[in-house]
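# Structure assessment
Spelled out from the first residue to the last, the chains are:
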Amino acid sequence: MPSGPASGHVPLAVKILIAGGFGVGKTTLITAVSEIGPLQTEEVLTSAGLGIDDVHGVEGKTTTTVAMDFGRISINQDIVLYLFGTPGQDRFWFLWDELVMGALGAVVLADTRRLTDCFPSIDYFEQRGTPFLVAVNCFDGVQKHSANAVRRALDLDLDVPVVLCDARDRRSVKDVLIALVERVMTVSRVGRGVGTLHG
């Protein structure tokens, strides 16, 4: 059955943020899963960023997101996910407050070579009560650390999911998004007191 304004059927739009440190793979993740050509605000790294953008561990990176990335994926005829990739550098964090408005939840993408880069994103979503999970980007398909080791290193609450993924692989990214939706549903049920005894 067709959907959209012409058919009178408008799918539910769900906004998800993709966050994480500089060079962690946010643009790659959105590009891998988006059913449309993703909108990207990539600019070439120049000497102006020397001493500002920390490229340790990602020395081959030549571009950076200066506003956001945007992609879309239809789960079914009733639900469409809109993905917003946040900029990773400190100087663009003023955009985050705009991007987070109306977001259902967030994926914090982690690179174990630069794990401390996750802390600002994790702190941001914790302070705002935004449901999130941590997705460890296994570069070159190599799992160097277990999910539990990452959880301990980031001092995450036990209810925050940590999943392993390959940001280049569509199926892997879909699994991350499904895990996030499940996380949001769990948080929502707990918030409504579903499944708890009262009295």
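Description of the structure in this document. It should be emphasised that the depicted structure is a prediction, and the values quoted were computed from it without experimental measurement. (Residues numbered from 1 in each chain as written. Predicted model: local features only at pLDDT ≥ 70, side-chain atom pairs only at ≥ 80, totals over all residues. Heavy atoms only, no water.)

### Considering the packing of aromatic side chains
Under the defined criterion, the tally for this structure stands at six aromatic pairs. Aromatic side chains Phe70 and Tyr82 sit 5.8 Å apart centroid to centroid with 10° between the ring planes, which places their arrangement in the stacked category. Remark: Tyr82 occurs in strand E4 (residues 79-85) and Phe70 occurs in strand E3 (residues 63-76); sequence separation between them is 12 residues. Taking relative accessible area as the criterion, Tyr82 reaches 26% and is therefore assigned partly exposed. A centroid spacing of 5.1 Å and a plane angle of 65° characterise the contact between Phe70 and Phe84, whose relative ring orientation is edge-to-face. Here Phe84 lies in strand E4 and Phe70 lies in strand E3, a separation of 14 residues in the sequence. A residue is classified by how much of its surface remains accessible, and Phe84, at 15% relative accessible area, is buried. Among the aromatic residues, those joined into a cluster by ring pairs are Trp96, Tyr124, Phe125 and Phe132. Across from the ring centre of Tyr124, 3.6 Å away, lies the NZ or CZ of Arg128, which sits over that ring. (Phe/Tyr/Trp six-rings, centres within 6.5 Å; stacked < 30°, edge-to-face > 60°. Helix = DSSP H or I, 4+ residues; strand = E, 2+ residues; numbered from the N terminus. Buried < 20%, exposed > 50% of the residue type's maximum accessible area, 1.4 Å probe, protein only. Lys NZ or Arg CZ within 6 Å of the ring centre and 35° of its normal.)

### Things to note about the side chain of Arg114
Along the chain, the position of Arg114 falls in the loop between strand E5 (103-110) and helix H3 (119-128). Classification of Arg114 as buried rests on a relative accessible area of 8%. At 3.0 Å, the side chain of Arg114 forms a polar contact with the side chain of Asp117. (Polar contact = N/O pair within 3.5 Å; in protein donor to acceptor, adjacent residues only side chain to side chain.)

### Structural notes on H3
Buried within H3 are the following residues: Ser121, Ile122, Tyr124 and Phe125. The arc enclosing the buried residues of H3, seen along the axis, measures out at 160°, which places them on a common side. Looking one or two places after H3, you find Gly129, whose phi comes out positive at around 70°. (Arc of directions from axis to C-beta.)

### Some remarks on the environment of Asn137
Checked against the element boundaries, Asn137 lands in strand E6 (residues 132-137). Sequence-wise, Asn137 and Cys165 are 28 residues apart; in three dimensions their C-alpha atoms are separated by 5.2 Å. For Asn137, the residues in contact, after removing those within four places along its chain, are Val24, Gly25, Leu109, Ala110, Cys165, Asp166 and Ala167. Within the local environment of Asn137, its side chain forms a polar contact with the backbone nitrogen of Ala167, the two atoms lying 3.1 Å apart. (Contact = heavy atoms within 4.5 Å.)

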